[in-house]
Amino acid sequence: MSDKTTPPVLELANVTKTYQVKQGLFSAPRPLHALGGVSLRIHKKDVLGLVGESGCGKSTLAKVLLGLEVPTSGKVLVDGKEITPRERKLQARRIQPIFQDPYSSLNPRKSIEDIIALPLVAHRIGDAASRAGSVRRMLDLVGLPQRVLKGYPNQLSGGQRQRVAIARALVMNPEIVICDEPTSALDVSVQSQILNLLGDLREELGLTYLFISHNLAVVEHLATRVAVMYLGRVVEEAPAAELFAGPRHPYTQALLESVLTPDPNLSVPDTHLGASYPNPIAPPPGCHFHPRCAQVRDICKTTPPPHVAGPQGHVDCHLHAAPAR
Amino acid sequence: MTTEPILKVENLTIDVPMAQGTLHAVRGIDFELRRGETLCIVGESGSGKSLTSLALMGLLPKKMRCKAAGLDFSGIDLQRQTPKAMRALRGDRMAMIFQEPMTSLNPAYTIGDQLMEALLLHRPVSKAEARARAIELLGKVGITAAESRLGQYPHQLSGGLRQRVMIAMALMCEPELIIADEPTTALDVTIQAQILRLLADLQREMNMAMILVTHDLGVVARIADKVVVMYAGEVVENGSAREIFENPRHPYTRGLLRCIPVPGKTKPGEHLGSIPGIVPSLIGKVEGCAFRSRCEVAEDACSSPVPVRRPGTDHAYRCIHDIPEGASA
Ligand SMILES: Nc1ncnc2c1ncn2[C@@H]1O[C@H](COP(=O)(O)OP(=O)(O)O)[C@@H](O)[C@H]1O
Ligand SMILES: Nc1ncnc2c1ncn2[C@@H]1O[C@H](COP(=O)(O)OP(=O)(O)O)[C@@H](O)[C@H]1O
Ligand code: SF4
Ligand code: SF4
Ligand SMILES: [Mg+2]
Ligand SMILES: [Mg+2]
């Protein structure tokens, strides 16, 4: 899986993204740190699962990787080389997105053929004939019949639309695909088809995924590594099997406790999570998670947690002051 | 259990007139529920779960046609109630919680006003008593500093808090029946677990009957006493939660259960089960088993009326095959 001798295909080095937001009509804008210094490495053919509550910064991170947002500070590296703003077009070719909502992410007035060919047209790749050939190959690849080519999104089911979105992402021959909640809007019987397809495509094409999902069972199924975000920071990152077998950060533990496996002998778990998600404009001092943490100590209320890195991953928490992993 | 059911639904059908013909959205479903029980209605989108809940509450859009051989709530024939009588029942003896709390909360009024109104509408109490009850219930649904919340407006609260307020509002009059339609679908998993636990606790404490509508099998397994599995407007299988999860019979139920990855059971990365094809159109005449276009064991006989089979007293499914326990469909 992760080959440590080659540089990661994708790396975020201490990336921050700050938005200026106004809370009221007359108040001055205040900074919202959507990403508060994120460092992540994704190796070839890895599936990095990214989890955390809504508002923690997952989509912002995806947009930075896609070049759709410029980081406030920090670096994005592809194959160990920093991507400058001038090279964003190159970045866009190698990194393609699949978004959550197959209904709103496809232009309703464009035919399926035009939708899938659009990235090629935008990047001036090939001529009409070669583009048509690529589109037809993509349909086969994602399991759509050729007859949908001249049709429109509203003639397709949710699952078929998501296949179109996948075809559009893959037509550029990307190395990395950013999947932001790709199956959240789909019924379970359709979700499983799309997950199987994503798994097959990774094998066939040697793809690398960043896979954002709120469904931890799905992440456990697909991911090779998992990063857990809380309020703009990655608080734990580890190989998937290790993280699910032994979550170290109290927030990761609470997230895993919230997973409702279909076992009729169990009841709804107590997540030991107190208060609700904090206001990102005024995050709690010390460890941002401390008001909800079941294992909070005095030091957590005043002092930011240490970044405890080991060979396999990291955890940001006062409980883990010495590296073990 | 020997007590009388508080809710009896017999052969409920809901037709929706459409430009292209009649949509047979709900096609003859039956179930019943006792006090203190939680029934989950589970099925994919469009299977008729929400229309069924709305029909029970008398909230179906006017253009829809609803009929039933029996629609009995606590001895009251719901089909024969005037709109005024239904309004009196709603929010009092039966209450509903929706997926998006903003559909039921009025953005122009404070939380306190809306909670108090829910009680003042149905009970001869003073404003002070209503206020005290509002504070009590906000506390019950786990909202801290309840008193200071009364003056807040819905948009000032997070999604999770709003859903708690909705639950408090539904419980103001201590209803006998509560219907929750996808109450946690829009929430984070952590908040989902908290809200479901809260609902389960309150349901037990108040000895209510609860119908929880969801598409999430994990939610069903953890909270249901009884389960109704719907497909294309029909109940294809129903039974105790244990029977449905440990001994499912209907090919659709079995198919669904194979589609979801189960930590500790599904091998990471291996192919998940899937159900090929899509749900058929329910516009116009619908005959036989609606699942047959997607069913691996379908036969010619599936296009004729399909018998109901009862493998146990608390378990029934609708299929031409007598499907043995545990055998894969
Ligand atoms: N364009 C924007 N302007 C201001 N704030 C934003 C913008 N985009 C995102 N945010 C804020 O940044 C935080 C992270 O958002 P997002 O990355 O969308 O989270 P997630 O995808 O994990 O739900 C949230 O508090 C959100 O409100
Ligand atoms: N207001 C409406 N007008 C027309 N058709 C509707 C309306 N509401 C629901 N339907 C149709 O009725 C069927 C059942 O819908 P619903 O009960 O909402 O399903 P579920 O809650 O299981 O997703 C679907 O085919 C849906 O498209
Ligand atoms: S640093 Fe302290 S408050 Fe934060 S997660 Fe660790 S124990 Fe909890
Ligand atoms: S009745 Fe026929 S189509 Fe329906 S579930 Fe049984 S075998 Fe399948
Ligand atoms: Mg997002
Ligand atoms: Mg619904």
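Everything below is about the structure printed above this text.
Residues numbered from 1 in each chain as written. Chains lettered and ligands numbered in written order. Predicted model: local features only at pLDDT ≥ 70, side-chain atom pairs only at ≥ 80, totals over all residues. Heavy atoms only, no water.

Novice: Would you mind showing me how to read the interface of chain B and chain A here?
Specialist: Where interface size is quoted, it is often the accessible area lost as the parts come together. Across the boundary between the two partners, chain B contributes 41 residues, which contact 36 residues of chain A. Here chain B and chain A share 0 salt bridges between them. Taken together, the connections running from chain B to chain A amount to 17 residue pairs in polar contact (both at pLDDT 80 or more). Among the secondary structure elements, those contributing two or more residues to the side of chain B that touches chain A are helix H7 (189–206), helix H8 (217–223), helix H9 (241–246) and helix H10 (251–259) of chain B. Of all the elements, H7(B) adds the most residues to the side of chain B that touches chain A, at 8 residues. (Contact = heavy atoms within 4.5 Å. Salt bridge = Lys/Arg side-chain N within 4 Å of Asp/Glu carboxyl O. Polar contact = N/O pair within 3.5 Å; in protein donor to acceptor, adjacent residues only side chain to side chain. Helix = DSSP H or I, 4+ residues; strand = E, 2+ residues; numbered from the N terminus.)

Novice: Explain the packing of helix H3 (residues 112–122) of chain A against helix H4 (residues 128–142) of chain A here, please?
Specialist: For any two helices packed against each other, one specifies the crossing angle of their axes together with the interaxial distance. Residue and element names in this part refer to chain A. Contact geometry for H3 and H4: axes closest at 9 Å, N-to-C directions at 120 degrees. As judged from the angle between their axes, H3 and H4 are oblique. H3 and H4 meet at a crossing whose hand is right-handed. Residue-level inspection shows Glu113, Ile116, Ala117, Leu120 and Val121 of H3 in contact with H4, the latter providing Arg131, Ala132, Ser134, Val135, Met138 and Leu139. (Axes fitted to C-alpha atoms, helices over the stretch in contact; angles between N-to-C directions. Parallel < 35°, antiparallel > 145°, perpendicular 65-115°, else oblique. Left-handed = near helix turned anticlockwise from the far one by under 90°.)

Novice: So what exactly am I meant to see when it comes to the site of ligand 2 here?
Specialist: Residues and elements named next belong to chain B. Taken together, 13 residues form the shell around ligand 2, and within it Gly46, Gly48, Lys49, Ser50 and Leu51 come nearest. Between ligand 2 and the protein, one listed contact pairs an oxygen atom with a backbone N or O atom of Gly48 at 3.0 Å. Taking 550 Å² as the accessible area of ligand 2 by itself, protein coverage stands at 67%. Those elements that provide at least two residues to the shell around ligand 2 are strand E2 (21–33) and helix H1 (49–57). At 3 residues, H1 tops the list of elements feeding residues into the shell around ligand 2. Among the residues making up the shell around ligand 2, the classes are represented as 5 nonpolar, 5 polar and 3 charged. (Near = heavy atom within 4 Å. Areas by Shrake-Rupley, 256 points an atom, 1.4 Å probe, with all protein chains shown as cover. Nonpolar A, V, L, I, M, F, W, Y, C, P; charged D, E, K, R; others polar.)

Novice: Please clarify how the site of ligand 3 should be interpreted in this entry.
Specialist: Within the structure, ligand 3 sits among His249(A), Pro250(A), Cys287(A), Phe289(A), His290(A), Cys293(A), Gln295(A), Cys300(A), Pro305(A), Cys317(A), His318(A) and Leu319(A). Residues belonging to the shell around ligand 3 are distributed by class as follows: 8 nonpolar, 4 polar and no charged.

Novice: Would you take a moment to explain the packing of aromatic side chains for this structure?
Specialist: The way to describe two aromatic rings as a pair is by their centre distance and the angle between their planes. All names here are of chain A. Counting across every chain of the model gives 6 aromatic pairs over all chains. Centroid distance Tyr251 to Phe289: 5.2 Å. Interplanar angle 65 degrees. Geometry classified as edge-to-face. Of this pair, Tyr251 sits in helix H9 (residues 250–257) while Phe289 sits in the loop between H9 and strand E11 (307–310), placing them 38 residues apart in sequence. Here Tyr251 and Phe289 have matching classes, each one buried. (Phe/Tyr/Trp six-rings, centres within 6.5 Å; stacked < 30°, edge-to-face > 60°. Buried < 20%, exposed > 50% of the residue type's maximum accessible area, 1.4 Å probe, protein only.)

Novice: What exactly am I supposed to notice about helix H5 (residues 158–170) of chain A here?
Specialist: Residues separated by three or four positions in an α-helix point in the same direction, a consequence of the helix having 3.6 residues per turn. All names here are of chain A. Helix length check: H5 (13 residues) gives 19 Å between terminal C-alpha atoms against 18 Å at 1.5 Å per residue, within 8%. The element H5 is largely enclosed, with a buried count of 12 among its 13 residues. Among all positions of H5, only Gly158, Gly159, Arg161, Gln162, Arg163, Val164, Ala165, Ile166, Ala167, Arg168, Ala169 and Leu170 are buried. The secondary structure elements touched by the buried residues of H5 are strand E6 (95–98), H3, H4, strand E7 (176–180) and helix H6 (188–205). (Expected span 1.5 Å × (residues − 1).)

Novice: When you look at the pairing of strand E12 (residues 308–312) of chain B in this model, what are you seeing that I'm missing?
Specialist: The two faces of the sheet receive side chains in turn, since in a regular strand these alternate between them. All names here are of chain B. Sheet topology note: the E12/strand E13 (residues 315–318) ladder contains 3 bridges and is antiparallel. The residue bridging Val308 from the neighbouring strand is Arg318, located in E13. What sits between E12 and E13 in their antiparallel hairpin is a turn of 2 residues. (Pairing = 2+ DSSP bridges.)

Novice: Looking at this structure, how should I read H3(A)?
Specialist: Residue and element names in this part refer to chain A. Of the residues making up H3, those classed as buried are Ile112, Glu113, Ile115, Ile116, Ala117, Pro119 and Leu120. Where H3 is buried, its residues touch H4 and H5. Positive backbone phi, approximately 50 degrees, marks Arg124, located one or two places after H3.

Novice: It is not clear to me how the sheet that holds E13(B) should be interpreted in this structure. Could you clarify?
Specialist: Where strands meet in a sheet, backbone hydrogen bonds hold them as pairs that are either parallel or antiparallel. All names here are of chain B. Here 8 strands make up an open sheet; going across it, the order is E7-E8-E9-E3-E10-E11-E13-E12 and the pairing mixed. Both edges of this open sheet fall to strand E7 (94–97) and E12, since each of them pairs with a single strand only. Neighbour-to-neighbour, the strand axes of the sheet open up by a mean angle of 20 degrees, direction not taken into account. Of the pairings in the sheet, the one linking strand E8 (residues 177–181) to strand E9 (residues 209–214) comprises 5 bridges and is parallel in character. Its bridge partner being in E9, Asp181 is matched across the sheet by Val213. Helix-sheet contacts for H1 involve strand E3 (38–42), E7, E8, E9 and strand E10 (226–231), and the interaxial angle to E7 is about 150 degrees. Running at roughly 100 degrees to E10, H10 makes contact with E10 and strand E11 (234–240) of the sheet.

Novice: Explain the pairing of E10(B) to me, please; I cannot follow it from the model alone.
Specialist: Residues and elements named next belong to chain B. For E10, the tally of buried residues reaches 5 of 6 residues, placing the bulk of the element in the interior. Two strands pair when backbone bridges link them, and E3 and E10 are joined in this way by 4 bridges, in the parallel orientation. Bridge pairing in E10 links Val42 to Val229. In this structure, E10 lies alongside E11, joined through 6 bridges in antiparallel fashion. Pairing of Tyr231 across the sheet is with Glu234, part of E11. Where E10 folds back onto E11 in an antiparallel hairpin, the turn is made up of 2 residues, including Ala232, whose phi is positive at roughly 50 degrees.

Novice: Please clarify how the nonpolar core should be interpreted in this entry.
Specialist: General note: in soluble globular proteins, nonpolar side chains tend to be found buried as a group. Ranked by internal contacts, the top residues of the largest apolar core, which has 76 residues, are Ile167(B), Leu212(B) and Ile223(B). Here the element with the most residues in this core is H7(B); it accounts for 9 residues. When neighbours within four sequence positions are excluded, Ile223(B) is seen to be in contact with Val268(A), Thr38(B), Cys40(B), Leu196(B), Ala200(B), Met210(B) and Leu212(B). If you look at the next biggest cluster of nonpolar residues, it comprises 63 residues, including Ala167(A), Val235(A), Cys293(A) and Val189(B). (Core = buried A, V, L, I, M, F, W, Y, C linked by side-chain atoms within 4.5 Å.)

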